[in-house]
Amino acid sequence: MRICFFGDSFINGTGDDECLGWVGRLCAAERRAGADLTVYNLGIRRDTSEDILRRWKPEAAVRLPVDSDGRLAFSFGVNDLAPDDELGRPRISEGASLQNAHDILSEASAWRPTLMMGPLPVTSSQARNDQIRSYSEQLSGLCASLGVPYFDPAPFAAEVYETWRKEADAGDGIHPNAESYSALASAIHQWRPWRRLFES
């Protein structure tokens, strides 16, 4: 099985002293359990849904040849909503971001089995976290309409918020370190749609 992970710095695992992030830890656990798995971490810092829309298909195509058992996983949104000017307007409007998500996920899921991990409401700003949660709810509805499994990050974020913020504040103020990424890997490892990838 080959899996391409597309997204931003949280897919990349930025801030992790062990350079594994949650993707590396999650997939290492599957390999230890016996899965024949090749992983492509295609997370890029500051990427928005617009960036991912532009690049995901050509990048996936060269990694998932026709005869491969390929899968796709996406996670984005926090950078879309990040303030881009003095007025606090987002880099990508919510409507445009959801349209990008629709275009990405509809085409991806028609091509390969696809999963979507929602954006993490773990910033230091309550207002931004509320905005991310609202966006995540709309993204969840979109995924349901497309038949794409959606990992809702809100319960996880509430559980690990204090640890995540402690690690982030010791670093660049945004990205956590090994403990938080390990917790996220464990949460997704138990997520039923992820487990089904290895049962089929």
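For the structure, see preceding data.
Just so we're clear, the structure is a prediction, and the values are computed from it rather than from any experiment.

Analysis parameters
- Residues numbered from 1 in each chain as written.
- Predicted model: local features only at pLDDT ≥ 70, side-chain atom pairs only at ≥ 80, totals over all residues.
- Heavy atoms only, no water.
- Helix = DSSP H or I, 4+ residues; strand = E, 2+ residues; numbered from the N terminus.
- Rg over C-alpha atoms; globule rule 2.2 N^0.38 Å.
- Contact = heavy atoms within 4.5 Å.
- Areas by Shrake-Rupley, 256 points an atom, 1.4 Å probe, with all protein chains shown as cover.
- Lys, Arg positive; Asp, Glu negative; His and termini not counted.
- Charge placed at Lys NZ, Arg CZ, Asp CG, Glu CD.
- Pairing = 2+ DSSP bridges.
- Buried < 20%, exposed > 50% of the residue type's maximum accessible area, 1.4 Å probe, protein only.
- Salt bridge = Lys/Arg side-chain N within 4 Å of Asp/Glu carboxyl O.
- Polar contact = N/O pair within 3.5 Å; in protein donor to acceptor, adjacent residues only side chain to side chain.
- Phe/Tyr/Trp six-rings, centres within 6.5 Å; stacked < 30°, edge-to-face > 60°.
- Lys NZ or Arg CZ within 6 Å of the ring centre and 35° of its normal.

A. Fine view of the overall build of the chain. Across its full length, the chain carries nine helices and five strands. Along the chain, from the amino end to the carboxyl end, the secondary structure elements read β-α-α-β-α-β-α-α-β-α-β-α-α-α. Scaling as 2.2 N^0.38, a compact globule of 200 residues should have a C-alpha radius of gyration of about 16 Å, and the chain matches this with 16 Å. A fraction of 75% describes how many contacts in the chain between residues 6 or more apart in sequence connect residues 24 or more apart. Accessible surface, the chain: about 9400 Å² in total, of which carbon and sulfur atoms supply 49%. The chain carries 21 positive and 29 negative side-chain charges, and their two centres are separated by 5 Å.

B. The arrangement of the sheet that holds strand β2 (residues 38-43) in detail. Taking strand neighbours across the sheet as the criterion, the five strands line up as β2-β1-β3-β4-β5 in an open arrangement whose pairing is parallel. Since the sheet does not close on itself, it has two edges, and those belong to β2 and β5 (150-151), each with one partner. Bridging between strand β1 (residues 2-7) and β2 involves six bridges; their strand directions are parallel. Opposite phenylalanine 6, over in β2, you have leucine 42 as the bridge partner.

C. Main features of the side chain of arginine 112. By the secondary structure assignment, arginine 112 is in the loop between α5 (94-111) and β4 (114-117). Although buried, arginine 112 forms no salt bridge, and the nearest oppositely charged side chain, aspartate 69, lies 5.9 Å from it. Of the polar contacts made by the side chain of arginine 112, one reaches the backbone oxygen of proline 65; its length is 2.8 Å. When sequence neighbours within four positions are dropped, the list of residues in contact with arginine 112 reads Leu64, Pro65, Val66, Ser68, Asp69, Gly70 and Leu72.

D. Structural view of the environment of cysteine 19. Positionally, cysteine 19 belongs in the loop between α1 (9-12) and α2 (21-32). Put simply, cysteine 19 and asparagine 177 are 158 residues apart on the chain and 9.2 Å apart in space, counted from C-alpha to C-alpha.

E. Seen up close, the packing of aromatic side chains. Following the criterion strictly, the structure yields ten aromatic pairs and no others. The interplanar angle of 85° and the centroid separation of 5.9 Å between the aromatic rings of phenylalanine 5 and tryptophan 22 together place this pair among those described as edge-to-face. In this pair, phenylalanine 5 sits in strand β1 while tryptophan 22 sits in helix α2, placing the two residues 17 residues apart along the sequence. Here tryptophan 22 falls in the buried class, since its relative accessible area comes to 2%. Relative to tryptophan 191, the ring of phenylalanine 151 lies with its centre 5.5 Å away and its plane at 75°, an arrangement referred to as edge-to-face. Of this pair, phenylalanine 151 sits in strand β5 while tryptophan 191 is found in the loop between α8 (178-189) and α9 (192-197), placing the two residues 40 residues apart along the sequence. Assessed through its relative accessible area of 12%, tryptophan 191 is described here as buried. An aromatic cluster is defined as three or more aromatic residues linked by ring pairs; in this entry it consists of Phe5, Trp22, Trp194 and Phe198. Geometry around tryptophan 111 places arginine 112 over its ring, the cationic atom sitting 4.9 Å from the centre.

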